[in-house]
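One letter stands for each residue in the lines below.
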Amino acid sequence: MRSFIMFLEQKSEEEKNLQKTIAKLPEKYRKLLKNFNIKLTCKNTLNGDRDHIGVIHQFDIEVAAPWNYGREFTFLHEVAHLIWEKLITEKQKDQWKRLAKLYKGKPKMNEEELFCMFFASTYANHHVETYNHPKLMAFIKSLD
């Protein structure tokens, strides 16, 4: 019986990795995620949506396993959309829009998408070199 209880209490490897990633985030971001269900899928794109690798719908965050980005990066990118929507002030968004002009890479994207890419790169275990600009990452960290 004891081994069955231990089996039930064990978390999957994905769940452990997810909790480790969430634990790296500042407290105010972790609080924002408390009411969300997180679903990880094993395809390159979301089920029934060949154009997206992550989505937030009401209190669900769904993340695929894309070929070009790590799952942790993809999850953090979706978290950043929540943060942009719920926690970033208009003044901070204006500051970001001015700083975002420092990014000369491709692909070109709007300020929110760029924020999400840099947020993910800032907090991921492995930075994506395309989104590794010291001033932009410092701004992300200053929001803590």
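Whatever comes next refers back to the structure up there.
Residues numbered from 1 in each chain as written. Predicted model: local features only at pLDDT ≥ 70, side-chain atom pairs only at ≥ 80, totals over all residues. Heavy atoms only, no water.

Chemist: Is there a simple way to think about the packing of aromatic side chains in this case?
Modeler: Any pair of aromatic rings gets described here by the distance separating the centres and the angle formed by the planes. Within the structure shown, the criterion is met by 12 aromatic pairs. Judged by centre distance (5.7 Å) and plane angle (65 degrees), the ring pair of Y29 and F119 falls under edge-to-face. Linking Y29 in helix α3 (residues 27–33) with F119 in helix α6 (residues 111–123), this pair joins segments that are 90 residues apart in sequence. Here Y29 and F119 have matching classes, each one buried. The interplanar angle of 50 degrees and the centroid separation of 4.8 Å between the aromatic rings of F119 and Y123 together place this pair among those described as tilted. Taken together, the positions of F119 and Y123, both in helix α6 and four residues apart, correspond to about one turn of that helix. The class of Y123 is buried, set by a relative accessible area of 5%. Each member of the aromatic cluster is reached from another via a ring pair, and the members are Y29, W84, W96, Y103, F115, F118, F119, Y123, Y131 and F139. (Phe/Tyr/Trp six-rings, centres within 6.5 Å; stacked < 30°, edge-to-face > 60°. Helix = DSSP H or I, 4+ residues; strand = E, 2+ residues; numbered from the N terminus. Buried < 20%, exposed > 50% of the residue type's maximum accessible area, 1.4 Å probe, protein only.)

Scope: geometric values only; no functional claims are made or implied.
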